Amino acid sequence: MLKIEHADKTFLAGTPNEHHALCDVSLSLGRGEFVTLIGTNGAGKSTLMNAVSGNFWLDKGTITLDGEDITYKKEHKRASQIGRLFQDPMKGTAPDMTVEENLAIAYARSKRGAFQLALKKADSVFFRQSLADFGLGLEDRMKTKVGLLSGGQRQAVTLLMSTIAQPKLLLLDEHTAALDPSAAEKVLQITNQIVKKQNLTTLMITHNISQALKMGDRTVMMNAGRIILDLSGEERKNMTVPELLELYAQKNNEELDNDRMLFS
Ligand SMILES: Nc1ncnc2c1ncn2[C@@H]1O[C@H](COP(=O)(O)OP(=O)(O)OP(=O)(O)O)[C@@H](O)[C@H]1O
Ligand SMILES: [Mg+2]
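These notes cover the structure that comes with them. (Residues numbered from 1 in each chain as written. Chains lettered and ligands numbered in written order. Predicted model: local features only at pLDDT ≥ 70, side-chain atom pairs only at ≥ 80, totals over all residues. Heavy atoms only, no water.)

Around ligand 1 sit 13 residues in total, of which Asn41, Gly42, Lys45, Thr47 and His207 are the nearest. Backbone polar atom of Gly44 to an oxygen atom of ligand 1: 2.9 Å apart, as the coordinates give it. About the coverage of ligand 1: the protein hides 63% of its 640 Å² of free accessible area. The set of elements that each furnish at least two residues to the shell around ligand 1 consists of strand 2 (19-29) and helix 1 (45-53). Broken down by element, the residue count for the shell around ligand 1 peaks at three residues, all from helix 1. Class assignment of the residues belonging to the shell around ligand 1 gives a composition of three nonpolar, eight polar and two charged. (Near = heavy atom within 4 Å. Polar contact = N/O pair within 3.5 Å; in protein donor to acceptor, adjacent residues only side chain to side chain. Areas by Shrake-Rupley, 256 points an atom, 1.4 Å probe, with all protein chains shown as cover. Helix = DSSP H or I, 4+ residues; strand = E, 2+ residues; numbered from the N terminus. Nonpolar A, V, L, I, M, F, W, Y, C, P; charged D, E, K, R; others polar.)

Have a look at this one:
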């Protein structure tokens, strides 16, 4: 579904701040595959996602989504194919508009050419049901302004907005990092629920290694712009957090403690 081949990117080339952020990165995700992406600060995880969503163009390499070469496709044209969530629960929603209005905008955007914000009754029932499925009581808050919801509730709404158009790919950039542990747990549950229901191809960045090993089907680790580990199947299933940290140390001649990975 997603194929990144030999992606290379240097920021601020030719200046003292030159940074080789992606070094010949290749990564493929099959349809419906759920990959978690880990690595220390500055490893290039968000940069890889930004490349996929079209935030900048690669210096070298190609990106293919569902058979289409999107390497030079403009960001706004990829937006309907790619759902994206960030750490900040306010990103991607209009705080002064109600839950229902935010969902209506996301839904209208998904219908090519149709710029109708008017909320049809059938749509409203669909939104209500989708929210009810989350088990957060959000179906009774549809007339509430999004800015008044808790962080976890907002992230749940944003998740629904990002996936309402049934994108080909879902990109999650530490989308639970700003939440308290119980809200984070709930949003992760909802994430799993949506991903399974739509069989969404998903890439999720997290700093929490045990979460990375638990969620999804495969775990990829980046360091200094490169992919250094790609775990799946039995190897992943049997992997513990200390073993993974040890593997990192072996590959980089560098100690890595869990705290650095978790709280950095
Ligand atoms: N637009 C940009 N211009 C210049 N440098 C950039 C840009 N985007 C990213 N970088 C640099 O690329 C490197 C990788 O950054 P990136 O945000 O991808 O790291 P990350 O793995 O997501 O880290 P974190 O866990 O802290 O979010 C960093 O050194 C960053 O400063
Ligand atoms: Mg990042």
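Still to come is the rest of the account.
With that out of the way, let us pick up the nonpolar core. Residues Val99, Leu103, Phe127, Leu131, Phe134, Leu138 and Leu159 are the most contacted members of the largest nonpolar core, which totals 33 residues. Mapped onto this core, the elements with two or more residues apiece are helix 3 (99-110), helix 4 (121-132), helix 5 (151-163), strand 7 (169-173) and helix 6 (181-198). At seven residues, the largest contribution of residues to this core is made by helix 6. Leaving out residues up to four positions away in the same chain, Val99 has contacts with Leu131, Arg141, Met142, Thr144, Val146, Leu149 and Val157. Judged by nonpolar contacts, the second largest core, of 26 residues, contains Leu22, Val25, Leu58 and Leu65. (Core = buried A, V, L, I, M, F, W, Y, C linked by side-chain atoms within 4.5 Å. Buried < 20%, exposed > 50% of the residue type's maximum accessible area, 1.4 Å probe, protein only. Contact = heavy atoms within 4.5 Å.)

Strand order in the open sheet formed by six strands is 6-7-8-3-9-10, with mixed pairing between adjacent strands. This sheet does not close on itself; its edge strands, each paired only once, are strand 6 (82-85) and strand 10 (226-232). Across the sheet, the mean angle separating the axes of adjacent strands is 15° when strand polarity is ignored. Where strand 3 (residues 34-38) meets strand 9 (residues 218-223), four bridges bridge the pair, whose relative direction is parallel. Residue pairing across strands places Ile38 opposite Met221, the latter belonging to strand 9. Running at roughly 165° to strand 6, helix 5 makes contact with strand 6 and strand 7 of the sheet. (Pairing = 2+ DSSP bridges. Axes fitted to C-alpha atoms, helices over the stretch in contact; angles between N-to-C directions.)

All quantities given are derived from atomic positions and should not be read as evidence of function.
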